[in-house]
Amino acid sequence: MPTHSAVPPRAAGTVSLSTKQLGNRTVLDRFRQSGSFKCLFPRTITPDLDAVLLNTAGGVTGGDSFRFSCKAAKCTALTLTTQACERAYKAQPKEWGQITNHLTVEDGARLNWLPQETILYNCSALDRRLRIDVGLDAEMLMVEPLVFGRVAMGETLTGIRLRDRIEIRREDTPVFLDAIRFSGDWHTHLSKPHIANGAGAMALIVLASSSAEGHLKPVREILPDIAGATLIRKDLLVIRILASNSFALRRTLIPVLRRLNKDTLPRCWML
């Protein structure tokens with residue numbers, strides 16, 4: 001007679017890659033993937049390399065673990081995105097879903113970290129960490145959009161656990177750190193006027209580039225009233241956006257990201 005385990009199956013996966021220059025093109029140098037985490041490489045007409053990350057488990061729940069690491073080598077250009085929105089599902093009380101990303105951008109390289117939205121479901125538990133090491137004359141553009149529940153289904157986040165940490169270093173010196181640690185009624189917390197005034201989505205954008213200062217005024221002109229942009233230093237532009245829902249968030253994100261990325265976005269963002 002078959003037996004049934006009391007422990008539900010868990011998803012885990014690892015992707016690691018690095019780039020190199022071949023003529024005037026950016027190509028793969030090393031690549032490894034395992035488990036429920038995959039990477040696709042769509043053909044492009046540009047000399048840059050595009051990579052699309054895919055979670056074949058369909059989302060993240062308690063006990064799941066996904067790790068990604070990459071290195072954009074000197075004089076290469078790499079854009080990373082996700083095939084679809086990531087979903088953080090309901091988790092058991094003592095379990096967490098873990099996502100760990102470590103990106104390295106060597107001198108003279110350009111890396112774009114442009115994942116699509118992460119959607120938090122009610123009772124989800126997500127522990128996510130992103131570290132980006134940027135060379136002295138390297139360029140990096142990153143976005144991390146979060147959506148709070150499935151609005152179309154009338155879902156509100158009355159109980160979630162969230163640990164989210166984003167760290168950026170230049171030449172091993174910390175230049176940016178953003179961290180969230182929350183447990184409880186997320187909806188009530190964000191409904192407070194001095195926190196988010198009921199926003200249903202938010203995003204953080206960071207541009208590390210010698211051109212960052214020149215983007216400040218044009219970006220401010222296209223941002224809505226519930227978003228802001230500032231220079232932490234001449235080569236580091238930080239943008240924070242609140243929105244009523246995911247659709248409104250994209251209406252702001254897409255023109256801003258295009259502005260910061262030479263009027264281009266990964267095709268996955270447009271589907």
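Residues numbered from 1 in each chain as written. Predicted model: local features only at pLDDT ≥ 70, side-chain atom pairs only at ≥ 80, totals over all residues. Heavy atoms only, no water.

Focus on unusual backbone geometry
Logical step 1: The phi torsion at K262 lies on the positive side, around 55°, for a residue other than glycine.
Logical step 2: Mapped onto the fold, K262 is located in the segment after α3 (246-260).
Logical step 3: We note that D263 has phi near 60°; this positive angle belongs to a residue other than glycine.
Logical step 4: With respect to the helices, strands and loops of the structure, D263 is situated in the segment after α3. (Helix = DSSP H or I, 4+ residues; strand = E, 2+ residues; numbered from the N terminus.)

Thoughts on the pattern of salt bridges
Logical step 1: Taken as a whole and judged by the stated rule, the model has 18 salt bridges.
Logical step 2: As a salt-bridge pair, E117 and R250 come within 2.7 Å of each other at their nearest N and O atoms. On the criterion of sequence distance, the pair formed by E117 in the loop between β9 (110-114) and β10 (118-120) and R250 in helix α3 is long-range, its members being 133 residues apart.
Logical step 3: Owing to a relative accessible area of 3%, E117 belongs among the buried residues under this scheme.
Logical step 4: Residue classification places R250 among the buried positions, given a relative accessible area of 17%.
Logical step 5: Here D127 makes a salt bridge to R163, at a shortest N to O gap of 2.9 Å. Taken together, the positions of D127 in strand β11 (residues 125-134) and R163 in strand β13 (residues 160-170) put the pair 36 residues apart, joining distant regions of the chain. (Salt bridge = Lys/Arg side-chain N within 4 Å of Asp/Glu carboxyl O. Buried < 20%, exposed > 50% of the residue type's maximum accessible area, 1.4 Å probe, protein only.)

Some remarks on the layout of surface pockets
Logical step 1: As a volume, the largest pocket reaches approximately 620 Å³.
Logical step 2: Taken together, 24 residues form the lining of the largest pocket, with T46, D50, T79, T264 and L265 sitting closest to its centre.
Logical step 3: For the lining of the largest pocket, the elements supplying multiple residues, two or more each, are β4 (49-55), β6 (77-82) and β9.
Logical step 4: Element by element, the count of residues in the lining of the largest pocket is highest for β6, at four residues.
Logical step 5: Within the lining of the largest pocket, the residues separate by chemical class into 10 nonpolar, seven polar and seven charged.
Logical step 6: Taken as a whole, the second largest pocket holds about 350 Å³ of empty space.
Logical step 7: Forming the walls of the second largest pocket are 21 residues, and the residues nearest its centre are F37, N55, T82, A84 and E86.
Logical step 8: Elements with a minimum of two residues in the lining of the second largest pocket: β4, β7 (86-88) and β8 (97-105).
Logical step 9: No other element matches β4, which puts three residues into the lining of the second largest pocket.
Logical step 10: Looking at the lining of the second largest pocket, its residues break down into nine nonpolar, eight polar and four charged. (1 Å grid on protein atoms, 1.4 Å probe; cavity = no way out; pocket = protein on both sides within 12 Å on 5 of 7 lines; lining within 4 Å. Points joined across faces, edges and corners; volume = space filled by probe spheres on them. Nonpolar A, V, L, I, M, F, W, Y, C, P; charged D, E, K, R; others polar.)

A look at the packing of aromatic side chains
Logical step 1: Tallied over the full model, the rule gives six aromatic pairs.
Logical step 2: Their ring planes at 85° and their centres at 5.2 Å tell us that F31 and F41 sit as a pair that is edge-to-face. Linking F31 in strand β2 (residues 25-35) with F41 in the loop between β3 (37-40) and β4, this pair joins segments that are 10 residues apart in sequence.
Logical step 3: With a relative accessible area of 35%, F31 lands in the partly exposed category.
Logical step 4: Cluster of aromatic residues (ring-pair linked, three or more members): F148, F182 and W186.
Logical step 5: The residue whose ring lies beneath R161 is W96, and the NZ or CZ to ring-centre distance is 5.0 Å.
Logical step 6: Between R163 and the ring centre of W96, over which it is positioned, the NZ or CZ distance is 3.7 Å. (Phe/Tyr/Trp six-rings, centres within 6.5 Å; stacked < 30°, edge-to-face > 60°. Lys NZ or Arg CZ within 6 Å of the ring centre and 35° of its normal.)

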